[in-house]
Amino acid sequence: MKYYYYCNCWDFNVEDISIDDCYEIEHDKCEDEWEYEWLVEKCAEDYHSNHDGWEHRSWPNGTLPFFLFDSEMNLIGVYNVALEFEPSFAAWKQK
């Protein structure tokens, strides 16, 4: 299944995000919240490794919000992602 994600450290209106702004990632269909958090961690790895995410200046200062969308660009949620030392990533859904 295709998912799309967008990350931005600035205030951003989710209605303004288009598919052209997002990165695509393939993953099995998620069945619960834990799987979505794991998927967002994979998105963070993809962003860091494949989309110049290592240069993002907000990583050292805390978290970076990731907007996760399904294949129809419906918002699943906004997750805060923290870059850990290894680097590894941790994600949780914003309330």
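I will try to describe carefully the structure that is included in this document.

Calculation rules
Residues numbered from 1 in each chain as written. Predicted model: local features only at pLDDT ≥ 70, side-chain atom pairs only at ≥ 80, totals over all residues. Heavy atoms only, no water. Helix = DSSP H or I, 4+ residues; strand = E, 2+ residues; numbered from the N terminus. Buried < 20%, exposed > 50% of the residue type's maximum accessible area, 1.4 Å probe, protein only. Contact = heavy atoms within 4.5 Å. Areas by Shrake-Rupley, 256 points an atom, 1.4 Å probe, with all protein chains shown as cover. Pairing = 2+ DSSP bridges. Axes fitted to C-alpha atoms, helices over the stretch in contact; angles between N-to-C directions. Patch = residues over 30% accessible without salt bridge, like charges linked within 9 Å, V, L, I, M, F, W, Y side chains within 5 Å. Salt bridge = Lys/Arg side-chain N within 4 Å of Asp/Glu carboxyl O. Lys, Arg positive; Asp, Glu negative; His and termini not counted. Charge placed at Lys NZ, Arg CZ, Asp CG, Glu CD. Polar contact = N/O pair within 3.5 Å; in protein donor to acceptor, adjacent residues only side chain to side chain.

### Overview of the overall build of the protein chain
Helices and strands together make up the secondary structure of the protein chain, namely one helix and five strands. Listing the helices and strands of the protein chain from first to last along the sequence gives β-β-α-β-β-β. In the protein chain, buried positions account for 44% of the 95 residues. Taking the intrachain contacts of the protein chain between residues at least 6 apart in sequence as the baseline, contacts between residues at least 24 apart amount to 50%. When the accessible surface of the protein chain is summed, it comes to about 6,000 Å², and 47% of that surface belongs to carbon and sulfur atoms.

### Side note on the sheet that holds strand 5 (residues 89-93)
Either a parallel or an antiparallel arrangement is found when strands of a sheet pair, and the pairing is made through backbone hydrogen bonds. On the basis of which strands lie adjacent, the open sheet formed by five strands has the order 2-1-3-4-5 and antiparallel pairing. Sheet topology places strand 2 (23-26) and strand 5 at the edges, where each strand pairs with a single neighbour. Direction aside, the axes of adjacent strands within the sheet are offset by 35 degrees on average. Running over the sheet, helix 1 (residues 33-50) touches strand 1 (2-7), strand 2, strand 3 (63-69), strand 4 (75-83) and strand 5 and is turned about 135 degrees from strand 5.

### Some remarks on the environment of His 48
By the secondary structure assignment, His 48 is in helix 1. Judged by relative accessible area, which is 16%, His 48 ranks as buried. Expressed as a C-alpha distance, the spacing of His 48 and Ser 88, which sit 40 residues apart in the sequence, is 9.8 Å.

### Here we look at a negative patch on the surface
On the surface, a cluster of negative charge is contributed by Glu 15, Asp 16, Asp 20 and Asp 21. Among the secondary structure elements, Asp 21 is positioned in the loop between strand 1 and strand 2.

### Digging into the side chain of Asn 80
Along the chain, Asn 80 turns up in strand 4. Here Asn 80 falls in the buried class, since its relative accessible area comes to 17%. Among the polar contacts listed, one links the side chain of Asn 80 to the side chain of Gln 94, at a separation of 2.8 Å. Not counting residues within four places of it along the chain, the set of residues in contact with Asn 80 comprises Thr 63, Leu 64, Pro 65, Ala 90, Ala 91, Trp 92 and Gln 94.

Everything listed is a geometric property; what it means functionally is a separate question.
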